[in-house]
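Each chain, written out:
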Amino acid sequence: MNYIFGVIGGQSAGPQPTGAETVQKLCDRVASSTLLEDRRDAVRALKSLSKKYRLEVGTKAMEHLLHILRTDSSDTEILGYALDTLYNIVCNDEEEEPEENHQKQEDDMGVQFTDKFIQEPDNVTLLLTLLEEFDFHVRWPGVKLLTALLKNQCAQAQGIILVSPMGVSRLMDLLADSREVIRNDGLLLLQQLTKGNAAIQKIVAFENAFERLLDIITEEGSSDGGIVVEDCLLLLLNLLKNNSSNQNFFKEGSYIQRMKPWFEVGDDNSGWSAQKVTNLHLMLQLVRVMVSPVNSPGGTSSCQKAMFQCGLLQQLCTILMATGVPADILTETINTVSEVIRGSDVNQDYFASVNAPSNPPRPAIVVLLMSMVNERQPFVLRCAVLYCFQCFLYKNHKGQGEIVSTLLPSTIDANSISAGQLLCGGLFSSDSLSNWCAAVALAHALQDNLTQKEQLLRVQLATSLGKPPVSLLQQCTNILSQGSRVQTKVGLLMLLCTWICNCPIAVMHFLHNQDNVPFLTGQISENLGEDERLVQGLCALLLGICIYYNDNSLENYTKEKLKQLIEKRIGKENFVEKLGFVTKHELYSRAAQKPQPAFSAPEHMLFDHEFTKLVKELEGVITKAVLKSSEEEKKEEEVKKTIEQHDSIVTQYKELIREQDSQLKEMKEQMASLMLQNETLQNTTTQQLSQIQQHKDQYNILKLKLGKDNQQTGSQVDGAHVNGLQLEELSQLREQLEDLHRENQSLQTQLTEKDNVITSLKAEGVPSAEGSTSENTEILRVEKLKAQLQSQTAEITQLQTERQELIGRYETRATVPVTGEDSGYSEKIAELESRLSTQNTETQKLKEEVKALLESKESMEKELASSTSTVAILQAEKNKLQKEVQDSKKEQDELLMLLADQDQKILSLKQKLEELGETIEDEDDLDTKDQFDEDDDDDEEEEDEEDDDE
């Protein structure tokens, strides 16, 4: 310890060691010390020297410090010193403002040490492992060191972290740290990590980064939060910008809905802090990232829909119409609303319905246009309003019609200011920027809309008192000829080109004015300055449009005469050269990059994005149209007619081929269905043949059994087509009927014995029930056979129908040569006909058998009815006898009860007589008893006689 303090700051008598010598001694101490305390003190000393002697410490101590990180990982204190030292070596931040050259040297030194550190990828992996340590003195310097490495060598460090197992996940854990300083520095680390690397951006997004960042923003107070909210928003921008996968994940995760509370601005908008303005500006940029025109159309459309459904668009429109909002926030809000409604019908319709909180209420579009044509408004605000108006009209034919209708005479309201009046006012004002903005806005109202181009021709303007009104088209050319500024001329020429493009009626109106063509040719043929070249190119473009879209309705200005005029006064080559000035202009290339008008100064506003597309489309065709001679044009027209005729013939043949293809397809489908039906019919026929064979076998067995019965009984049973089993049941039924007759006779003779009669009746009821069951079974079988016959008849009918269809189809094809497949089908049809005839014969036989069976069934039903009636009579008699027996038993029971009572009374009387001393003779008792017995016998005999009489 004394040695270290002596090295660092102690006073010695000898010469003082240099910084390099001191660093070398400390490095030797770190490498050779066996005690952890000595190494810790040496590393602490290196940390204190690392800022002043950055080069020496970085050159000599880096390897020793890395060795400390690997070997002494159990001691958090020495790890913290080593990480702090490494951070001081690679970090380029300076507290004081250094000189420019010195700062460049420091930056180069930091990059060199960073290269040395990440030269071994294991060093970065080791640093990621150390970040898992929860100790503050290790984790915090580790986060700062990795952030510095990413700042100096971003791509190399990102590549190592990307391939490191769980590397990104370890860094995402920093956002969950309860210590704010580590969490905040973790945000800065993730910002550097996600710069320009789509793969890492996706991994971070799928590590639940959106949820964590939005939670932090909410906890910190949303737009009213501090620098932490700004860091979170910057990280979100890194994750979402130009990353369609993350944008889709953000949208599907319903995170757009969580953005709405950010824009809930109160009524009191005074006193916006600088941090709040920054936060809200980044929030608006985040919304624009999700609906940017450079995104895929499907993704942008779904995000626009979600923003409308959750109320985010409504909230933005509220800020748009609020008072006291800072100018830069208002401008960015207008740009954001522009891209949220661009190309979305629902959002555009909603924006058209928004009114400003004024008295009387005015549409938001009118209020914005008032700012656009007001030269006192800031330039960026006017550009934003123009962009908003362009986005409102983008692919919005309904909105275009509403804007143009405000200029028509029938819809003008003198008591209110309309959008059309504001555009006309800006078009003819003294401010060139207002002229240009109004011309471009009006051109967007006509973009790709032929109907509105024709409607705008009806607009008449009253220029001054006492003079007749002139058309809007003529007034634009009048202003051009009056020598206006370049910006005004360019705006008006873009409007005229857009107006008459692809509209022959507008071309005719433009050429009808005798002064327009001479003015254009004069402008093109003159040798003007550099600024006027652009005007010459646009005039050439306008004249070329008049040639290309000319319907030759005006005799003086047909296509041929205009080309002759160009050739005589300008020259074709000179005309093409002037036309090329437009696309070669620097501002043309800048405007063609993106839809939003972004200009550094008002004088640079010369081209519109949509107009650059029009120029690119027309330049080639106009050049060809001007350079071609009349003969070439005639030849081309003839070729064109020939091609059209050829195209029509080809189209006819294509239609014929399509019809034949469809017919062929239908025939193939019919053939497939016929083959399937044929297979089904063959299977059905096979089944029916097997069933017919079974019926034949049963029929043969029936004939054999019938012959045997005829020989034994001598009876004739001709025509009775029943099987052997049914004849046996019939004979059994007849035997049962005979037994029933005999039993009836025996019942009449045995009625005297009631118990035996009842028993015999019960026994005789069984065969009758069996006979009835057998008869029912016979009926069911006959019905089943009849149903089978009906189904078979239906199938035969279907076979006959399909056979007729097949014969009809093949007869229509009789003119076609017979192929092998057709001959096969003919043989199948012949075979099918033979099978059908055989089956018809067998079916006729079956019908005869069923008829005979039905006759036998009717006779058996009659016999069964008679036997059933006899059984019912016997059953009624049996029930009557059973009832009488029950009555007699009841009377006997009552007599026995009376006798028992009488005996009891006699016994009681005897006891009383004995008590009185009277003597009772036994003979009397016996006589009395005999008398009672005789009475009982007489009663029984009388009952028997009554039974016999019955």
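What counts, and where the lines are drawn
- Note that residues are indexed from 1 along each chain, following the sequence as it is written.
- pLDDT decides what is reported in this predicted model: residues at 70 or higher carry local features, side-chain atom pairs at 80 or more are listed and counted, and totals for whole chains, interfaces and linings draw on all residues regardless.
- Excluded from the side-chain calculations are hydrogens and water; all other atoms, namely the structure's heavy atoms, are used.
- Patch definition: residues with relative accessible area over 30% and no salt bridge; like charges joined within 9 Å; nonpolar side chains (Val, Leu, Ile, Met, Phe, Trp, Tyr) joined within 5 Å.
- Only the protein chains shown count as cover for residues, and all accessible areas are computed by the Shrake-Rupley method using a 1.4 Å probe.
- Salt bridge, as used here: a side-chain nitrogen of Lys or Arg that lies within 4 Å of a carboxyl oxygen of Asp or Glu.
- Just so you know, the count uses Lys and Arg for positive and Asp and Glu for negative, and it drops His and the chain ends.
- Positions of charges follow a simple convention, taking NZ of Lys, CZ of Arg, CG of Asp or CD of Glu.
- Residue burial is assigned from relative accessible area. The probe radius is 1.4 Å, only protein chains are included, and a residue is buried under 20% of its type maximum, exposed over 50%, and partly exposed in between.
- Numbered from the N terminus, helices here are DSSP runs of H or I no shorter than four residues, and strands are runs of E no shorter than two.
- In this description, a line fitted to the C-alpha atoms serves as the axis of each element, helices being fitted only across the stretch in contact, and the angle between N-to-C directions of two axes falls anywhere from 0 to 180 degrees.
- Two helices crossing with the near one rotated counterclockwise from the far one by less than a right angle form a left-handed crossing, whereas a clockwise rotation gives a right-handed crossing.
- Throughout, a contact is declared for two residues whenever any of their heavy atoms are within 4.5 Å.
- Two cysteine sulfurs form what is called a disulfide whenever their separation falls within 2.5 Å.
- Only buried residues count toward a nonpolar core. Its members are Ala, Val, Leu, Ile, Met, Phe, Trp, Tyr and Cys residues joined through side-chain atoms within 4.5 Å.
- Angle categories: roughly parallel below 35 degrees, roughly antiparallel above 145, roughly perpendicular from 65 to 115, and oblique for all the rest.
- Residue classes follow a fixed rule: Ala, Val, Leu, Ile, Met, Phe, Trp, Tyr, Cys and Pro count as nonpolar, while Asp, Glu, Lys and Arg count as charged, and any other residue, Gly among them, counts as polar.
- As used here, the arc is the angular range of directions from the helix axis to the C-beta atoms.
- Using a 1 Å grid laid over the protein atoms alone, points where a 1.4 Å probe fits but cannot get out form a cavity; open sets with protein on both sides within 12 Å along at least 5 of 7 lines form a pocket; any residue with an atom within 4 Å of a point counts as lining.
- Grid points are joined across faces, edges and corners, and a volume is the space filled by probe spheres set on the points.
- Expected helix span is computed as 1.5 Å times (number of residues minus one).
- Pairing of aromatic rings covers Phe, Tyr and Trp, the last through its six-membered ring, and needs centres within 6.5 Å; plane angles under 30 degrees mean stacked, over 60 mean edge-to-face, and all others mean tilted.
- Think of it as a cone above the ring: NZ of Lys or CZ of Arg counts as a charge over the ring if it is within 6 Å of the ring centre and within 35 degrees of the ring normal.
- N or O atoms closer than or at 3.5 Å make up a polar contact, with two conditions inside protein: a donor-capable atom paired with an acceptor-capable one, and, for residues adjacent in sequence, both atoms drawn from side chains.

> Give a description of a negative patch on the surface that names residues and reports values.
A contiguous patch of negative charge, built from Asp-887, Glu-891, Asp-893 and Glu-894, is present on the exposed surface. The exposure class of Glu-891 is partly exposed, given its relative accessible area of 47%.

> Quick rundown of the environment of Pro-165? Include the residues and the values.
Relative to the helices and strands, Pro-165 is located in the loop between helix 9 (154-163) and helix 10 (167-172). The class of Pro-165 is exposed, set by a relative accessible area of 63%. Counting along the chain gives 37 residues from Pro-165 to Leu-128, while the straight-line C-alpha distance between them is 9.8 Å.

> Go over a nonpolar patch on the surface, please, and point to the residues and values.
On the surface, Ile-649, Tyr-653, Leu-656 and Ile-657 cluster together into a nonpolar patch covering about 380 Å² of accessible area. Note on placement: Ile-657 falls in helix 36 (residues 630-713). Residue Ile-657 is classed as partly exposed on the basis of its relative accessible area, which comes to 45%.

> Talk me through the packing of helix 27 (residues 472-481) against helix 28 (residues 486-500); I want residue IDs and the actual numbers.
At a closest axis distance of 10 Å, the pairing of helix 27 and helix 28 adopts a crossing angle of 145°. Both helix 27 and helix 28 take part in a crossing whose hand is left-handed. For the pair helix 27 and helix 28, contact is made by Leu-472, Leu-473, Cys-476, Thr-477, Ile-479 and Leu-480 and by Thr-488, Lys-489, Leu-492, Leu-493, Leu-495, Leu-496 and Trp-499, respectively.

> Can you tell me about the state of the cysteines, naming the residues and giving the values?
Put plainly, two cysteines are in a disulfide when a covalent bond ties their sulfur atoms together. On inspection of all chains with the given rule, the structure shows zero disulfides. Free of any disulfide, Cys-501 has its nearest cysteine sulfur in Cys-497, 8.3 Å distant. What makes Cys-501 buried here is its relative accessible area of 7%.

> Could you give an account of the nonpolar core, naming the residues involved and the relevant values?
Of all hydrophobic cores here, the largest spans 211 residues; its most connected members are Leu-146, Leu-171, Trp-262, Phe-263, Phe-351, Trp-499 and Leu-541. The biggest single contributor to this core is helix 22 (residues 379-393), with twelve residues. Setting aside chain neighbours within four positions, we find Phe-263 in contact with Leu-280, Met-283, Leu-284, Val-287, Leu-312, Gln-315, Leu-316 and Ile-319.

> Which residues make up the pattern of salt bridges, and what are the values?
Applying the stated criterion to the full structure yields 19 salt bridges. The residue Asp-177 makes a salt bridge to Arg-139 at a minimum N-O spacing of 2.7 Å. Note that Asp-177 is positioned in the loop between helix 10 and helix 11 (180-193) and Arg-139 in helix 8 (residues 136-152), a separation of 38 residues in sequence. We classify Asp-177 as buried; its relative accessible area is 6%. Arg-258 is the salt-bridge partner of Asp-215, the closest N and O atoms lying 2.8 Å from each other. With Asp-215 in helix 13 (residues 209-219) and Arg-258 in the loop between helix 15 (244-252) and helix 16 (274-290), the pair connects residues that are 43 residues apart, well separated along the chain. Taking the relative accessible area as the measure of exposure, Asp-215 reaches 28% and is therefore partly exposed.

> Describe the packing of helix 8 against helix 11, naming the residues involved and giving the relevant values.
It is the contact of helix 8 with helix 11, at a shortest axis distance of 9 Å, that shows an interaxial angle of 20°. The pairing of helix 8 with helix 11 is recorded here as roughly parallel in orientation. Between helix 8 and helix 11 the crossing geometry is left-handed. On helix 11, the residues that touch Phe-136, Arg-139, Trp-140, Val-143, Lys-144, Leu-146, Thr-147, Leu-150 and Lys-151 of helix 8 are Val-181, Ile-182, Asp-185, Gly-186, Leu-188, Leu-189, Gln-192 and Leu-193. Here the contact of helix 8 with helix 11 is built from residues that sort into ten nonpolar, three polar and four charged.

> Which residues make up helix 12 (residues 198-206), and what are the values?
Among the residues of helix 12, Ile-200, Gln-201, Val-204 and Ala-205 are the ones counted as buried. With its buried residues spanning 135° around the axis, helix 12 presents them on a single face. Looking at the buried positions of helix 12, the neighbouring elements they touch are helix 9, helix 10, helix 11, helix 13, helix 14 (227-240) and helix 15. Asn-208 sits one or two residues past helix 12 and shows a positive phi near 70°.

> Give me the lowdown on the side chain of Asn-513, citing residues and values where you can.
Tracing the chain through its elements places Asn-513 in the loop between helix 29 (504-512) and helix 30 (516-525). Judged by its relative accessible area of 16%, Asn-513 falls in the buried class. The residues contacting Asn-513, other than those within four sequence positions of it, are Gln-474 and Thr-477.

> Break down empty space enclosed by the protein for me, citing the residues and quoting the values.
It is the rolling of a water-molecule-sized probe over the atoms that shows where space remains empty. Using the criterion set out here, one finds six cavities of 30 Å³ or more in the structure. Empty space within the largest cavity amounts to approximately 70 Å³. Breaking the lining of the largest cavity down by element, the ones donating at least two residues are helix 22 and helix 35 (609-627). Taken together, the residues of the lining of the largest cavity sort by class into four nonpolar, three polar and two charged.

> Account for helix 16, with residues named and values stated.
With 17 residues, helix 16 extends 25 Å from end C-alpha to end C-alpha; this agrees with the ideal 24 Å at 1.5 Å per step. A large share of helix 16 lies buried, amounting to twelve of its 17 residues. Listed in full, the buried residues belonging to helix 16 are Lys-276, Val-277, Asn-279, Leu-280, Leu-282, Met-283, Leu-284, Leu-286, Val-287, Arg-288, Val-289 and Met-290.

> Could you give an account of the environment of Asn-123, naming the residues involved and the relevant values?
Relative to the helices and strands, Asn-123 resides in helix 7 (residues 121-130). Judged by its relative accessible area of 3%, Asn-123 falls in the buried class. In this structure the C-alpha to C-alpha distance between Asn-123 and Ile-160, which are 37 residues apart in sequence, comes to 9.8 Å. Ignoring anything within four residues of it in the chain, the contact list for Asn-123 reads Leu-66, Arg-70 and Phe-117.

> Tell me what's going on with the packing of aromatic side chains, and back it up with residues and numbers.
For the structure shown, the criterion picks out eleven aromatic pairs. Note on Phe-250 and Tyr-255: the rings are 5.4 Å apart at their centroids and 40° apart in plane angle, and the pair reads as tilted. When its relative accessible area of 8% is taken as the criterion, Tyr-255 is described as buried. Taking the centre distance of 6.2 Å and the plane angle of 85° together, the rings of Trp-436 and Phe-599 count as edge-to-face. One end of the pair, Trp-436, is in helix 25 (residues 432-446); the other, Phe-599, is in the loop between helix 34 (586-591) and helix 35, with 163 residues separating them in the sequence. A relative accessible area of 1% places Trp-436 in the buried class. The rings of Phe-206, Phe-210, Phe-249, Phe-250 and Tyr-255 are connected pair by pair, giving a single aromatic cluster. Its guanidinium or amino end placed over the ring of Trp-140, Lys-144 lies 4.0 Å from that ring's centre, counting from NZ or CZ. One Lys or Arg, Lys-276, reaches over the ring of Trp-272 and ends 4.6 Å from the middle of that ring.

> Can you break down unusual backbone geometry residue by residue, with the values?
One can expect most non-glycine residues to show negative phi and most peptide bonds to be in trans. For Met-166, which is not glycine, the phi dihedral falls at a positive 60°. Mapped onto the elements, Met-166 comes out in the loop between helix 9 and helix 10. Even without a glycine there, the phi angle at Asn-242 is positive, about 60°. Note that Asn-242 resides in the loop between helix 14 and helix 15. Residue class for Asn-242 comes out exposed when judged on its relative accessible area of 67%.

> Describe in detail the side chain of Thr-147, supporting the description with residues and values.
Its location among the elements puts Thr-147 in helix 8. Polar side-chain contacts of Thr-147 include one of 2.7 Å to the backbone oxygen of Val-143. The residues touching Thr-147, leaving out its near neighbours within four places in the chain, are Asp-185, Leu-188, Leu-189 and Gln-192.

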